[in-house]
Amino acid sequence: EEVWNCTRCNWCKIAFGWAVKSERFHHNCPSFTLRKFNAYSAQGRMHIARSLLEGEMEWEDSQKLLEIIYSCDTCGACAINCMRIMENNPMEVLEALRAKAVELGIGPMPEHKSLAASIKSYDNPWSQPRRRRDEWTEDLAIKDLTKEKAEVLFYPGCTFSLGTKRIKEVLRVDAKIFAKAGLDFGCFLGGKEICCGSLLLRVGMYDLAKDLIKRNAEMIEKSGVKKIITPCAGCYKTFK
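Residues numbered from 1 in each chain as written. Predicted model: local features only at pLDDT ≥ 70, side-chain atom pairs only at ≥ 80, totals over all residues. Heavy atoms only, no water.

Colleague: Help me out: how do you make sense of the packing of aromatic side chains in this one?
Modeller: By convention here, two paired aromatic rings are described through the distance between centres and the angle between planes. Scanning all chains against the criterion turns up 5 aromatic pairs. Measuring from centroid to centroid gives 5.9 Å for tryptophan 136 and phenylalanine 154, while their planes differ by 85°, and the two rings are edge-to-face. Of this pair, tryptophan 136 sits in the loop between α6 (110-122) and β1 (143-144) while phenylalanine 154 sits in strand β2 (residues 152-154), and the two are 18 residues apart along the sequence. What makes tryptophan 136 buried here is its relative accessible area of 3%. On the accessibility criterion, phenylalanine 154 (1% relative accessible area) is buried. Seen from their ring centres, phenylalanine 154 and phenylalanine 185 are 6.5 Å apart, and the 80° between their planes marks the pair as edge-to-face. Placement of the pair is phenylalanine 154 in strand β2 and phenylalanine 185 in strand β3 (residues 185-187), with a sequence separation of 31 residues. Through a chain of ring-to-ring contacts, the aromatic side chains of Trp136, Phe154, Phe178 and Phe185 assemble into a single cluster. Above the face of the phenylalanine 32 ring, lysine 13 is positioned so that its terminal group lies 5.2 Å from the ring centre. One Lys or Arg, arginine 50, reaches over the ring of tryptophan 4 and ends 5.3 Å from the middle of that ring. (Phe/Tyr/Trp six-rings, centres within 6.5 Å; stacked < 30°, edge-to-face > 60°. Helix = DSSP H or I, 4+ residues; strand = E, 2+ residues; numbered from the N terminus. Buried < 20%, exposed > 50% of the residue type's maximum accessible area, 1.4 Å probe, protein only. Lys NZ or Arg CZ within 6 Å of the ring centre and 35° of its normal.)

Colleague: Could you clarify how one ought to interpret the nonpolar core in this entry?
Modeller: Among soluble globular proteins, nonpolar side chains are generally buried collectively. Core analysis: the largest hydrophobic core is formed by 36 residues, its most contacted members being Trp59, Ile69 and Leu200. Leaving out residues up to four positions away in the same chain, tryptophan 59 has contacts with Leu52, Leu65, Ile69, Leu97, Lys100, Ala101, Leu104 and Ile106. (Core = buried A, V, L, I, M, F, W, Y, C linked by side-chain atoms within 4.5 Å. Contact = heavy atoms within 4.5 Å.)

Colleague: Even after reading the chapter, I still don't get the sheet that holds strand β4 (residues 227-229), so can you show me in this structure?
Modeller: Two orientations exist for strands paired in a sheet by backbone hydrogen bonds: parallel and antiparallel. What the 4 strands build is an open sheet, ordered β1-β3-β2-β4; its pairing is parallel. The sheet is open, and its two edges are formed by β1 and β4, each paired on a single side. (Pairing = 2+ DSSP bridges.)

Colleague: It is not clear to me how unusual backbone geometry should be interpreted in this structure. Could you clarify?
Modeller: With the exception of glycine, most residues fall at negative phi, and the peptide bonds are largely trans. Proline 108 follows glycine 107 through a cis peptide bond whose omega is 0°. With respect to the element layout, proline 108 can be found in the loop between α5 (90-103) and α6. If you check the backbone angles, threonine 74 has positive phi at about 55° while not being a glycine. Mapped onto the elements, threonine 74 comes out in the loop between α3 (65-70) and α4 (77-85). With relative accessibility at 22%, the residue threonine 74 sits in the partly exposed group. A positive phi angle is found at aspartate 123, which is not glycine, with a value near 65°. In this fold, aspartate 123 is placed in the loop between α6 and β1. Classification of aspartate 123 as buried rests on a relative accessible area of 6%.

Here you go:
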């Protein structure tokens, strides 16, 4: 239904004119702006999805097909504009395309397979040992929700807890603000935290993502928390 409702209005490619001060800032879609071919825009991908559904083309008809559907960085700019006009969500169509590619054994891209292998081995996509997850908490008094109870789960996510010193400092500042505000919060410390599954969902690897989602749901339910706070946009979207 969504791919048939694409009206070729082009607003998925550029920002609304009345909100932009100059031509320099009117670009909306990173992959289309870089490549300038319609196939790399949400509009083009909607037509590709329709053609595959209708049998007008097959997955093996284009050597560029995987590159086209995986070159999107899922920023969601197209969806914001499209839902404003048509109540369509091109991002959902794109993720469904990727899931179908994985189901057929065509996708994901080789680069994504190495990240998935890391998640299987280490419960994070960055090939980092689990014990490094709580290094950012050094000298901070934070509840371990595997042992204590709290109202709020602070879920840093893989990139923040295993990233650079600078990005870890964001977590430390957050924790200090929570403590100053008197928030009753804690984390899954001691390497117990696992990936939320966002990356796997974005590339269409639903089966592997569902395992992580199930494990996270069980841990969260067992902890008894009532709210979740995360600094990571990918984690936020996955939980939401």
